[in-house]
Amino acid sequence: MFGELSPRWLKVLHDLKSNLSRTLLSVASIAVGVIAFGGMLIARNTVVTNLDLAYRSSDPADITIDMMPFDRELLRWVKNQPGVQDADRLSVVNGVALRPDGTEQDVTIFSHDDYSSITLNRLRPIEGAYPPARGDFSLERMSLRTAKLMRGDRVSIRLDTDKTYSLRFTGSLYDVAVPSGPSASRWNMYIDERTLSDLDIDVRSTRLIVRTTPGLTVAQKYALADHLTDAFIDRGLVIRSVNINERGEHWATATAGGVILILVMVGAVALLMSGFLIVNVVNGLLLSQRKIIAIMKIIGGDREQIMGVYLVMMLCLGVLALAIAMPMSAMLGNTVAGFIAGVINFDIAVSGFTPTIALLEIAVALLVPVAFAYAPIRSALRVTAAEAISDVTPRQQASLTERMLARLENLPRIVMLALRSMFRNQMRLLVTMATLIVAGSVFIAVLNLRVAMPKTIVNMTGMNTADITLTLGRPIGRIAAMNRAAQTPGVAYAEGWVATSAAVAHADADGSSVQLNAGPMNSRFVQPPMEFGRWLSPYSAETRDEIVLSAGVLESEPELKLGDLIVLRRAGVKHTFRIVGFLRRIGGPDTSTFPAYGQYETISRMIGGVDLVTVVRVQSVSSDAALINDMSAALRGKFEDAGVAVRNLQNRATLLSNALSSFDVIITLMIVVSALIAVVGGLGLAGTMSLSVMERTREIGVMRAVGAETPDLHTMFIFEGLFIGLLSALVSFALSLPLTDVIGQALGAAVRLGSIEVQMNGFGYVAWPLIVSVVSIAASLAPARRAGTISIREALAYA
Amino acid sequence: MFTRNQSAVQMAAVRKPDCLMALVDVKKAYKTDVGDFYALKGINIEINAGEFVGVVGKSGSGKSTLINMITGIDRPTSGEIWVNGQPIHGLDENRMARWRGRSMGVVFQFFQLLPTLTVVENVMLPMDFCRMYTPKERRARAMDLLARVEMVEQASKLPSQISGGQAQRVAIARSLATDPPIVMADEPTGNLDSRTADAVFQLFEDLVSQGKTFLMVTHDNELANRLHRVITIADGILVSDSRR
Ligand SMILES: Nc1ncnc2c1ncn2[C@@H]1O[C@H](COP(=O)(O)OP(=O)(O)OP(=O)(O)O)[C@@H](O)[C@H]1O
Ligand SMILES: [Mg+2]
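Residues numbered from 1 in each chain as written. Chains lettered and ligands numbered in written order. Predicted model: local features only at pLDDT ≥ 70, side-chain atom pairs only at ≥ 80, totals over all residues. Heavy atoms only, no water.

## Let's talk about the interface of chain B and chain A
If you look at the interface, chain B gives 26 residues, while chain A gives 28 residues. Carbon and sulfur atoms make up 62% of the area that chain B and chain A hide from each other, which totals about 2,600 Å². When the buried surface of chain B facing chain A is broken down by residue, Glu93(B), Thr116(B) and Phe129(B) rank first, second and third, together holding 24% of it. At the boundary of chain B and chain A, one finds 3 salt bridges. We note a salt bridge from Glu304(A) to Arg98(B), for which the minimum N-O separation is 2.9 Å. Applying the counting rule to chain B against chain A returns 10 residue pairs in polar contact (both at pLDDT 80 or more). At the level of secondary structure, the elements contributing two or more residues to the side of chain B that touches chain A comprise α3 (93–103) and α4 (119–129) of chain B. Considered class by class, the residues forming the side of chain B that touches chain A number 12 nonpolar, 4 polar and 10 charged. (Contact = heavy atoms within 4.5 Å. Buried area = accessible area lost by both parts, 1.4 Å probe. Salt bridge = Lys/Arg side-chain N within 4 Å of Asp/Glu carboxyl O. Polar contact = N/O pair within 3.5 Å; in protein donor to acceptor, adjacent residues only side chain to side chain. Helix = DSSP H or I, 4+ residues; strand = E, 2+ residues; numbered from the N terminus. Nonpolar A, V, L, I, M, F, W, Y, C, P; charged D, E, K, R; others polar.)

## A look at the pairing of strand β3 (residues 52–56) of chain B
Residue and element names in this part refer to chain B. Within β3, 5 of the 5 residues are buried, leaving the element largely enclosed by the surrounding structure. As judged from the 4 bridges shared by β3 and strand β8 (residues 213–217), these two strands associate in the parallel manner. When the sheet's bridge partners are listed, Val55 is paired in β8 with Val217. Pairing between β3 and strand β9 (residues 229–234): 4 bridges, direction parallel. Paired with Val53 across the bridge in β9 is Arg229. (Buried < 20%, exposed > 50% of the residue type's maximum accessible area, 1.4 Å probe, protein only. Pairing = 2+ DSSP bridges.)

## Some points on the site of ligand 1
Around ligand 1 lies a shell of 16 residues, among which Ser59(B), Gly60(B), Lys63(B), Ser64(B) and Thr65(B) are the nearest. One finds residues of chains A and B in close proximity to ligand 1. Side-chain polar atom of Ser59(B) to an oxygen atom of ligand 1: 2.5 Å apart, as the coordinates give it. Within the side chain of Thr65(B), an N or O atom sits 2.5 Å from an oxygen atom of ligand 1. Coverage of ligand 1 by the protein chains reaches 72% of its 630 Å² of free accessible surface. With 3 residues, helix α2 (residues 63–71) of chain B is the single largest residue contributor to the shell around ligand 1. (Near = heavy atom within 4 Å. Areas by Shrake-Rupley, 256 points an atom, 1.4 Å probe, with all protein chains shown as cover.)

## What about the sheet that holds strand β4 (residues 78–83) of chain B?
All names here are of chain B. One open sheet holds the 4 strands; their spatial order is β2-β1-β4-β5, and the pairing between them is antiparallel. Edge positions in the open sheet fall to β2 (35–47) and β5 (86–87), since each of these has one partner strand only. Note: strand β1 (residues 21–32) against β2, 10 bridges, orientation antiparallel. Residue pairing across strands places Lys31 opposite Asp36, the latter belonging to β2. Sheet contacts for α2: β1, β2 and β4; angle to β1, the most-contacted strand, approximately 120 degrees. (Axes fitted to C-alpha atoms, helices over the stretch in contact; angles between N-to-C directions.)

## Considerations on the confidence of the model for chain A
Do not read the fine detail of predicted coordinates wherever pLDDT is low. Residue and element names in this part refer to chain A. Taken residue by residue, chain A gives an average pLDDT of 83. The fraction at 70 or more is 87%. Taking the mean pLDDT of every element in chain A, the minimum, 57, falls on helix α12 (residues 400–407) and the maximum, 94, on strand β5 (residues 136–140). Between residues 392–397, whose pLDDT stays under 50, and residues either more than four places distant or in other chains, the model counts 2 contacts. (pLDDT = per-residue confidence, 0-100.)

## Details of unusual backbone geometry
Cis rather than trans, the peptide bond between Tyr130(A) and Pro131(A) has omega equal to -5 degrees. Within the fold, Pro131(A) resides in the loop between β4 (123–128) and β5. In this structure, Asp179(B) takes a positive phi of about 55 degrees despite not being glycine. For Asp179(B), the location among the structural elements is in the loop between α6 (164–175) and β7 (182–186).

## Thoughts on the nonpolar core
All names here are of chain A. Among the nonpolar cores identified, the biggest contains 120 residues, and Met296, Tyr310, Met314, Phe346, Ile377, Phe717 and Trp768 are the most heavily contacted of them. Looking at this core element by element, the count peaks at 17 residues for helix α9 (residues 303–344). Residue contributions to this core reach at least three from each of two domains, namely domain 1 (1–57 + 252–389) and domain 3 (398–461 + 655–799). With residues up to four places along the chain from it excluded, the contact list for Met314 reads Ile278, Val282, Leu285, Pro369, Val370 and Ala373. (Core = buried A, V, L, I, M, F, W, Y, C linked by side-chain atoms within 4.5 Å. Domains from an automatic or database assignment.)

Structure, rendered in structure tokens:
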């Protein structure tokens, strides 16, 4: 079959065949890198494409307004407003489901008057009945996963009214618009309008969703939302919340994109590592072919021809690796994308394995081995034929490490030999260790971050550690507000705050918008994380204009510094403040409003009078979730009964656990990635060890001749592998610290939490050495066994 | 490197020898722990086309070193080497390789066949490197050369499957692959029984009678007696140069 090939290409093929284990090792090394890199690219593409597809195919709304029940006629009016392409309405009710086992589960109940005429945020039936009939309910498919209900099961639902109703589960559906699954702790239920009235709830809708005309800018969207809400308020409707999808993308797009970008970067690192593994293998190959290269030169092979022989060999390895890597990277990419899809809740309809990625994989698989082998091949060719064929190898100066090792005379002989040979080829040692070091540092860093996370989230909420935060629809007197809170059972302590939005006023136009907050001087709910400067001083004539800004505002207002005066405009009126401090920036780069804190007396006066309150912060007597839930409902009732609408109610525990659970998904992915790198590292170590065995064939023969037994040889090589592994762990320890910082920054930006504070975690520092030991021993087993089978005869025949 | 080449060319204009090969005061020092060791201490030889020259001397006298100088495998520490009007000492290794492939066949003392190529492929390799003959002709020619050294039966074996003497014969066949006008052989018959050695020697004599120039190192006095010219080396010095 190869009859037509010229002898030098035959040599390439025969060389590949004659040392199968080396060929397989090289192919595996290249393949792992291409699989990791290509796989992550495929995962990224798959997620981005399908997430967008799922979002677009639901005919998404981009403005969501929650408010008091409104009439059908309002929807008609909204649809006629300029900038509105389409609008729809539904009801959203919160309740508690009693699971068959008696435990409680928070639920959000969605109701549509006509499921067949939904035009925005479309739902897709998955299983069973659709739409839900009267008395029945459907579950979002992700909720069903945790609910584990069978069709026909009955579930009791308790509403704020404290009445309990029994509903039957009849089907599941898919809702793109609302977060569900691991990152949402609530079940999403869907019922018919008639069922809603059976639950004694006003059947009029409470949520208005709007699709803006394509091409509106973010500012125009905000203006439209303001226009709508102003009109609603004029009609006496109380607005609870307004949500604007600024970029018109799925709610998980930014977070998923950030996380996957990190994965792609790690994939690129794995590729680089696999390049280094190739350098190792190629160096071993060239060493064993020293004389062969000399012969080729002597019989007329010029440098380009011999170089060609080895580069073509690398190309062949690349082609073989590609054959494995193409399907495997698709598998890895689909698995990772599938995992992410499962967490975020979307379907994978189209593969992200595009021709472009395929081409990229081909290019990378062929180029990486050639590029990384180029320099070693060149330097091997620089050895003259005369040097290569004379058996007299130039004596090398004993290296520093060797001389140091020579002093450790008291170590057991086998350990000594292992140590010495480990340092024999220092370049190779470094390359091998590099991969293990990267794997180890990523692993430890990720675990550090896992521990740092709750603290960071606490920091994030450091400006508000209240259990419950109520935002009122309008300012009311502080004493009245405090009394209402104090009358609510379970409330241990309450504070009245004011919050209002304002803009940094420049000479020509308004700049960044800030959320201006103020509360009691010695608030129990504030632990200001200062970046620089100080917190506010007690109120006095001199300090009344003090302000503390989030450092984030510096991004758009870089000229601000401590001591500067800053003019804020609120409702057309300008106020001048003096900057005394900057808070550590919390929130990712896309936060458009930054918090600022001023004196209570000043801000209260700004919004209309003395001792006003728009926000009530409450501490509960216990941290029991159920109690806090009951308290939330009771608090809301207390204010609404008095005719004060509650615009927003925040439960800190839910906030924290949601943030943590989505973070855990990321951590899991990162650990998987560090495991992948550890596999690359193990492969590298296996390669190094088998090279080490090969180079020392003669030495092994001599050791055998002087009585070394097979177990001695096994011990020697396994020790060598283990030493390399443990040494790499030491370096990982050191590197993990800065890496925690770097990954923390990147992750913080991805999940929009700002930077994550580094914290050491004992677990990573104990677990990694154990893991790396297992990997090293596993990687050394085969080479050690090979060493044990080398006979004296074979050793002496080795050229 | 460049200036060295240039000076060599200038010298060529001044005193280019008119014989096929010329060594002018060639010295070779090897670096050792105890300082430089001179394996060749100033050798002057001229060899004409069509000569069949033997080099003899005790083990360690510098015979292989001398061959390495003429084949350009190694460089002299000082002195000049001219082959076919080319200043060999001035060529870089790459040009040297290209030139050598076509004009000089080499048989090493510790010959080396490429272990993963079959016997016949080993013989074809120089033709491949030198881009001589068509692929089909290469195989036919290689088989023809193997026939001359009685190795046809072993043509498709790997070097590890043949004996030392057989491998030596393959190396001889390979040295003739590109039909070079000059053949340098370092003990080509060292591993052969007297009958086979005789056959190989016969082959050499045939080639010499066809106009090729041969230089071979040998320990075999009987064979040495059949040579046109015998150069004796001792401790890196040429001690005798006898023609018949
Ligand atoms: N690379 C080298 N480094 C140092 N000394 C060398 C080297 N190669 C050869 N020598 C020394 O140079 C001298 C000449 O060696 P050479 O190989 O030319 O001898 P030879 O005549 O071919 O011997 P033999 O008949 O045993 O092959 C010897 O003393 C040898 O030890
Ligand atoms: Mg010799």
